[in-house]
Amino acid sequence: MAHRAQPVSAKPGIGAALCVAVLILGSLLAVVLRAEAGRGLGPADWQAVQFTVVQALLSAGLSVGLAVPVARALARRRFRGRRMLITLLGAPFILPVIVAVLGLLEVFGRSGWISQLLGAPVQIYGLHGVVLAHVFFNLPLATRLILQGWQEIPAERFRLAAQLGAGPREIRTLLEYPMLRRAVPGALAVVFAICLTSFAVALTLGGGPRATTIELAIYQAFRFDFDLGRAALLSCIQIGLTVGAALVALRVSSGDGFGAGLDRPVQRWDGQGLGLRVLDGGMIGLATAFLVLPLIAIVLSGVPGLARLPGSVWNAALWSVMVALASTAILLLLAVPIAAAIAVGRQRLELAGLLGLAASPLVIGTGLFLMIHPIADPFAFALPVTAVVNAVMALPFALRILVPRARQVVAEFGRLGMMLDMSGWPFVRFVLLPRMRAQIGFAAGLAAALSMGDLGVIALFADPEVATLPLQIYRLMGAYRMEAAAGGSLLLLVLSMSLFWIFDRGGRWHAET
Amino acid sequence: MLKLDSLVIANGDFRLSADFEVPLGCKVAVIGPSGAGKSTLIGAIAGFQTVESGRILWGGRAIEQDQPGQRPVAMLFQDGNLFPHLTIAQNAGLGIRPDLKLTADQDMAVLAALDRVGLSGMGGRKPGELSGGQQSRAALARVLVQDKPLVLLDEPFAALGPALKGEMLDLVDALLRETGATLLMVSHDPSDARRIADQVILVEGGRAHAPVETHGLLDNPPPALKAYLG
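Keep in mind it's a predicted model, so treat the numbers as computed, not measured.

Engineer: If you had to explain the overall build of chain B to someone new, which residues and values would you point to?
Structural biologist: Regarding its fold elements, chain B presents eight helices and eleven strands. Against the 2.2 N^0.38 benchmark of 17 Å for 230 residues, chain B shows a C-alpha radius of gyration of 18 Å, consistent with a compact globule. A principal-axis box enclosing the C-alpha atoms of chain B has dimensions of 50 × 40 × 30 Å. Per-residue burial for chain B yields a buried fraction of 52% across its 230 residues. For chain B, the share of sequence-separated contacts (at least 6 apart) that also reach a separation of at least 24 residues comes to 68%. Accessible surface computed for chain B: about 9,400 Å², of which carbon and sulfur atoms make up 50%. Averaging the positions of the 21 positive and the 26 negative side-chain charges in chain B gives two centres separated by 1 Å.

What follows is the structure, encoded as C-alpha cells:
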C-alpha cells in the first residue's frame, strides 16, 4: 500500500507538527547546550528525582484505579444532574492549581474541615499532600478519559448486548474489557506524565528538601540563584524522565474503534441489581464529595473578598483571558490538522504531540529564556511565550481527545467521501469537522482553561509590570493579602470554568455525548 | 464498456485475478462463496483496492490510477452509505457537488431524485430518522444524481427483508433503465441475479470468471458454481 488515496491531506498536519517540533526541540537544544554536565548532581538533586518518580507513580495508580469504577457507574446510570456531574469532572483538571490548592487546604489542611472534625490537625504538606492534590486533579481526568471510551461504544452495541440477554458480567467481557484495555494504559501514562512535571502543586504543598520535584528545583535554581547552568542540567534530567514516560504512553495507546453506529442515544439495560446500584451510587457519591468540597470551600472563602478586589487583579484577569483565547486558537490550528494527519496513517506525528509531554513547561521556558536572552529582554515576551507554551502543553491532551475520533471518522466515512470526490476541504468541512465537533469543543475548552489557570512558565518570565491572574494571586498570597487572594481565586475559578463550559458545551450542542 | 485486462488485485496476501469485458449497459451479478473476493473485485474497480498488475479500462481509457472520486463509478457499500449528521437532501446533493454549492437547478435535481425514489418531502430529515428501506432509497437517490455510467453495489440491501430487498432491486432496475448505466452487483443470493442481472460473474478460487448469461448459467451450473449453490 505505497500511496493509498486518503480523504484528507496530511500536509497541514505535518507542517503543524514540524512547528511544534522546532519549538520544543529548539528549546531542548538550548537547554542541553547550556547544561553543565561536569558538575554532576548533588544529593538534593537526586532526592528531587526520586521524589518526582515516586509521587507520580502513586498519583497515577490511585487516580486511574479509582477512575474505572466511577466511570463505569457514570456510564451505566442515568440520573438527574449526571450531565452536570460529568462537566464537573472536567473541573479539577482545568481548575487553576493555585485555586485548587487553596480549596484543598480549606478542607484537608491543618486548620481545615477534616482537622476540625477530627479535633486534631492533619498534616498535609509533603508527599501525601502532593499525591492528594494530584489525585484530586487527575481522578476526574482519568474518569473522563475512560468514560469517553465507554461512550465511544455505539448505542447499537449495548442494544445488541441487551437483546442477547447479556448481564453485567457478559457486558464486561464483550464490550467493557476490550474498551478498558485500550483506555486504561493510555490514562495511566497520561496521569503519570502530568505528575512527573508537577510544578505548582509542589511549589505550594511540597517544598523543602524532602518534597521537591525536579520542576520546582529548576524554578528555584532559576529564580533564587539565577544559576542557568544548574537549571539547564536539571531540565535535561526532566527531559529524560518525561521522554521515557511519553514513549510508554505512545506504545500502550492504540486499538480499533467500535465500528459505525447511527448516532442513536445510548440506553443501558444492564446492571439493575441492587448491589451494583448501591456500588455505583456510592462511587459517584464519594467521588463527587471529594471533588465538590474543596470547590465549595473556595467559594465560601472567596466571596467576601470579591467586592473589594484591587485594580491589579482585574488587569491581570484581562491579560489572562486574552492569553487563554490566543492559546486556544494556536492549539486548534495545531491539533486538528495533526489529528487528521494521524488518522490517515501518519502515526508518527503523535510524537509531535508527545513532545509536549516530554518537555515540561519549565523546561521549555528555560530553553526559550536561554534563546531569547542574548537577543532581547525575555521578560518583555512573558505573555506571548505563555500563550504559545500553554498551547503546546495542551497539545498532547487535545490529540488524545481528537485522534481516536478522527480515526473513527476516516474509517467509517473515508471511502464514501472519496467515492463522492470529497477529498480535501469538502471532506474536512462536511464530514471531519462536524463529526469531531464534540471532541474539538472539549479540547478547546481544556486548552482555554489550562492556559487561564497556568502558573508555570509565567512564573519564570515574571515581571513586576505584567502578570496573569494566577501569578497575581500567588503574589498576593506571598504578601499575606489572603482576602484579596481568595477573592481573586474565586474570580479565576469563575473565568476558567466559564471558558471551559462555553467551548465544551458548544461542541456538544445537539449531540448525545 | 468495462474491460479488466490481465488484472491482479492485492488484498493483503490474497490475490484475485480477472480478465474479461462487461458490455455497456449490461447488468451483472457478482456471485461466489464468502471470502472468495467479490467485494475485492468491486473495490478495485472503485479504487479502494490495490491493483498489483494489469489494467482497468472504461471506454478504452485506463482508470486504475485515478482517485476513487475521479472514476466513472457510483458505489454503494454494505453499510455507512449516508452521513448521519447531514440531511437526506445534503447526502444526495453530495453526489452532484462534493462542496454542496448547488445551483437552483441542482437543488431541483436533488428534489426530483428524492421524488423518484419515493422520498418526497423527506429531504430535511436525518438518516437516523428513516427506516432501513428509506435509507437505501436515499442512497439510491444519490446514485441517481451522481449520474455515473458505472454503478457498483456491494450488497447494500443485505440487511433488508426479502420483499424490501426485491423492491430495492426493482427500483435499481428501473433507475438503470432510465440512465442506461452499467451495473455490477455483489450478491449471495442467486434469485437476486435472476431478478435483474443479464449476466453473472462467478468469483471463486482466486479468479473472477468472465460474465455468462444468467439463466443459462444458473440452470446448468458448472461444478464450482454447483458446489456453491448446493
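Right, picking up where we left off after that structure.
Engineer: Just give me the short version of the interface of chain B and chain A, but keep the residues and values in it.
Structural biologist: Many descriptions give the size of an interface as the accessible area lost when the pieces come together. At the junction of the two partners, chain B supplies 25 residues and chain A supplies 19 residues. Applying the counting rule to chain B against chain A returns zero salt bridges. Our count for the chain B to chain A interface comes out at four residue pairs in polar contact (both at pLDDT 80 or more). Among the elements of the structure, strand E6 (73-76) and helix H4 (132-146) of chain B are those that each provide at least two residues to the side of chain B that touches chain A. Along the lines of polarity and charge, the residues of the side of chain B that touches chain A split into 13 nonpolar, ten polar and two charged.

Engineer: Pulling in residues and values, what's your account of the side chain of Ser 59 of chain A?
Structural biologist: Residues and elements named next belong to chain A. Mapped onto the fold, Ser 59 is located in helix H2 (residues 43-76). Engagement of the side chain of Ser 59 in a polar contact is seen with the side chain of His 134, the distance being 3.4 Å. Beyond its immediate sequence surroundings of up to four residues, Ser 59 is in contact with Val 131, His 134, Val 135, Val 191 and Cys 195.

Engineer: Give me the lowdown on the environment of Arg 181 of chain A, citing residues and values where you can.
Structural biologist: Along the chain, Arg 181 of chain A falls in helix H8 (residues 168-196). In the structure, Arg 181 of chain A is positioned 173 residues away from Val 8 of chain A in sequence and 29 Å away in space, judged by C-alpha atoms.

Engineer: Break down the packing of H2 of chain A against helix H12 (residues 274-306) of chain A for me, with residues and values.
Structural biologist: All names here are of chain A. Following both chains from N to C, one finds H2 and H12 inclined at 115°, their axes separated by 9 Å at the closest point. For H2 against H12, the interelement crossing comes out left-handed. Facing Leu 66, Pro 69, Val 70, Arg 72, Ala 73, Leu 74 and Arg 76 of H2, the residues of H12 in contact are Leu 276, Leu 279, Asp 280, Met 283, Ile 284 and Ala 287. In terms of residue class, the contact of H2 with H12 is made up of ten nonpolar, no polar and three charged.

Engineer: Give me the lowdown on empty space enclosed by the protein, citing residues and values where you can.
Structural biologist: As enumerated under the stated definition, the model contains six cavities of 30 Å³ or more in all. If you list the elements that add at least two residues to the lining of the largest cavity, you get helix H3 (82-94), helix H6 (127-152), H8, helix H9 (200-205), helix H14 (350-358), helix H15 (361-372), helix H16 (382-419) and helix H18 (437-453) of chain A. Looking at which element gives the most residues to the lining of the largest cavity, the answer is H16 of chain A, with five residues. When its volume is computed, the second largest cavity comes out at roughly 120 Å³. Lining the second largest cavity are 13 residues, with Val 143, Leu 144, Val 151, Leu 175 and Leu 176 of chain B positioned closest to its centre. Contributions of two or more residues to the lining of the second largest cavity are made by H4, strand E7 (150-154) and helix H5 (162-179) of chain B. For the lining of the second largest cavity, the element with the most residues is H5 of chain B, which contributes four residues. A breakdown of the residues in the lining of the second largest cavity according to their chemical character gives ten nonpolar, one polar and two charged. When we break the lining of the second largest cavity down by domain, the ones giving at least three residues each are domain 1 (2-72 + 148-229) and domain 2 (82-147) of chain B.

Engineer: Residue-level account of the packing of aromatic side chains, with values.
Structural biologist: Applying the stated criterion across every chain yields a total of 13 aromatic pairs over all chains. Pairing Phe 222 of chain A with Phe 226 of chain A gives two aromatic rings, centres 5.9 Å apart and planes at 80°, and the pair type is edge-to-face. An aromatic cluster is built from Phe 222, Phe 226, Phe 369, Phe 379 and Phe 461 of chain A, whose rings are joined through pairwise contacts. Sitting over the ring of Phe 48 of chain B, Arg 415 of chain A keeps its end group 5.7 Å from the ring centre.

Engineer: Now, about helix H1 (residues 11-34) of chain A: what can you tell me, with residues and values included?
Structural biologist: The end-to-end C-alpha separation of H1 of chain A is 34 Å, in line with the 34 Å expected for 24 residues at 1.5 Å each. Inspection of H1 of chain A places Gly 13, Ala 16, Ala 17, Val 20, Ala 21, Ile 24, Ser 27, Leu 28, Ala 30 and Val 31 of chain A among the buried residues, and these make up the whole buried set.

Engineer: Explain the pattern of salt bridges to me, using residue names and the numbers behind them.
Structural biologist: All names here are of chain B. One pass over the structure, following the stated rule, counts 18 salt bridges over all chains. Linking Arg 97 and Asp 99 is a salt bridge whose minimum nitrogen-to-oxygen distance equals 2.7 Å. Residue Arg 194 is joined to Asp 219 by a salt bridge in which the shortest nitrogen-to-oxygen separation is 3.1 Å. Here Arg 194 is found in helix H6 (residues 190-196), whereas its partner Asp 219 is found in helix H7 (residues 214-219), with 25 residues between them in sequence. Here Arg 194 falls in the partly exposed class, since its relative accessible area comes to 36%. A network of salt bridges, in which partner residues are shared, links Lys 27, Asp 173 and Arg 177.

Engineer: Account for the packing of H12 of chain A against helix H21 (residues 482-508) of chain A, naming residues and giving values.
Structural biologist: Residues and elements named next belong to chain A. Between H12 and H21, the least distance of the axes is 7 Å, while the angle of their chain directions is 115°. You can see that H12 and H21 cross each other, and the crossing is left-handed. Between H12 and H21, the contacting residues are Leu 295, Ile 298, Val 299, Ser 301, Gly 302, Val 303, Pro 304, Gly 305 and Leu 306 on the first element and Glu 483, Ala 486, Gly 487, Leu 490, Leu 491 and Leu 493 on the second. Per-class residue counts for the contact of H12 with H21 are ten nonpolar, four polar and one charged.

Engineer: For the domain arrangement of chain B, give the residues involved together with the corresponding values.
Structural biologist: Residues and elements named next belong to chain B. The domain architecture assigned to chain B consists of domain 1 (2-72 + 148-229) and domain 2 (82-147). Computed over C-alpha atoms only, the centres of domain 1 and domain 2 are separated by 25 Å. Contacts between the two partners involve 15 residues from domain 1 and, on the opposite side, eleven residues from domain 2. Summed over both sides, the interface of domain 1 with domain 2 buries roughly 1,100 Å², with 69% coming from carbon and sulfur. Of all residues in domain 1, Lys 148, Leu 171 and Leu 175 give up the largest surface area on contact with domain 2, accounting jointly for 44% of the area buried on that side. Between the two partners, domain 1 and domain 2, sit two salt bridges. Arg 116 is the partner of Glu 178 in a salt bridge, and the nearest nitrogen-oxygen pair spans 2.7 Å.

Engineer: For the nonpolar core, give the residues involved together with the corresponding values.
Structural biologist: With 220 residues, the main nonpolar core has Trp 150 of chain A together with Leu 41 and Leu 184 of chain B as its most contacted residues. Both domains that meet at this core, namely domain 1 (2-72 + 148-229) and domain 2 (82-147) of chain B, each give it at least three residues. Counting residues in each nonpolar core, the second largest holds 43 residues, with Ala 29, Leu 76, Ala 92 and Leu 140 of chain B among its members.

Engineer: Give me helix H1 (residues 38-46) of chain B: which residues, what numbers.
Structural biologist: All names here are of chain B. Within H1, eight of the nine residues are buried, which leaves the element mostly enclosed by the surrounding structure. Listed as buried for H1 are Lys 38, Thr 40, Leu 41, Ile 42, Gly 43, Ala 44, Ile 45 and Ala 46. Two residues or fewer past H1, Gly 47 is found with a positive phi of approximately 100°.

Reading the values: the criteria
Residues numbered from 1 in each chain as written. Chains lettered and ligands numbered in written order. Predicted model: local features only at pLDDT ≥ 70, side-chain atom pairs only at ≥ 80, totals over all residues. Heavy atoms only, no water. Helix = DSSP H or I, 4+ residues; strand = E, 2+ residues; numbered from the N terminus. Rg over C-alpha atoms; globule rule 2.2 N^0.38 Å. Buried < 20%, exposed > 50% of the residue type's maximum accessible area, 1.4 Å probe, protein only. Contact = heavy atoms within 4.5 Å. Areas by Shrake-Rupley, 256 points an atom, 1.4 Å probe, with all protein chains shown as cover. Lys, Arg positive; Asp, Glu negative; His and termini not counted. Charge placed at Lys NZ, Arg CZ, Asp CG, Glu CD. Salt bridge = Lys/Arg side-chain N within 4 Å of Asp/Glu carboxyl O. Polar contact = N/O pair within 3.5 Å; in protein donor to acceptor, adjacent residues only side chain to side chain. Nonpolar A, V, L, I, M, F, W, Y, C, P; charged D, E, K, R; others polar. Axes fitted to C-alpha atoms, helices over the stretch in contact; angles between N-to-C directions. Left-handed = near helix turned anticlockwise from the far one by under 90°. 1 Å grid on protein atoms, 1.4 Å probe; cavity = no way out; pocket = protein on both sides within 12 Å on 5 of 7 lines; lining within 4 Å. Points joined across faces, edges and corners; volume = space filled by probe spheres on them. Domains from an automatic or database assignment. Phe/Tyr/Trp six-rings, centres within 6.5 Å; stacked < 30°, edge-to-face > 60°. Lys NZ or Arg CZ within 6 Å of the ring centre and 35° of its normal. Expected span 1.5 Å × (residues − 1). Buried area = accessible area lost by both parts, 1.4 Å probe. Core = buried A, V, L, I, M, F, W, Y, C linked by side-chain atoms within 4.5 Å.

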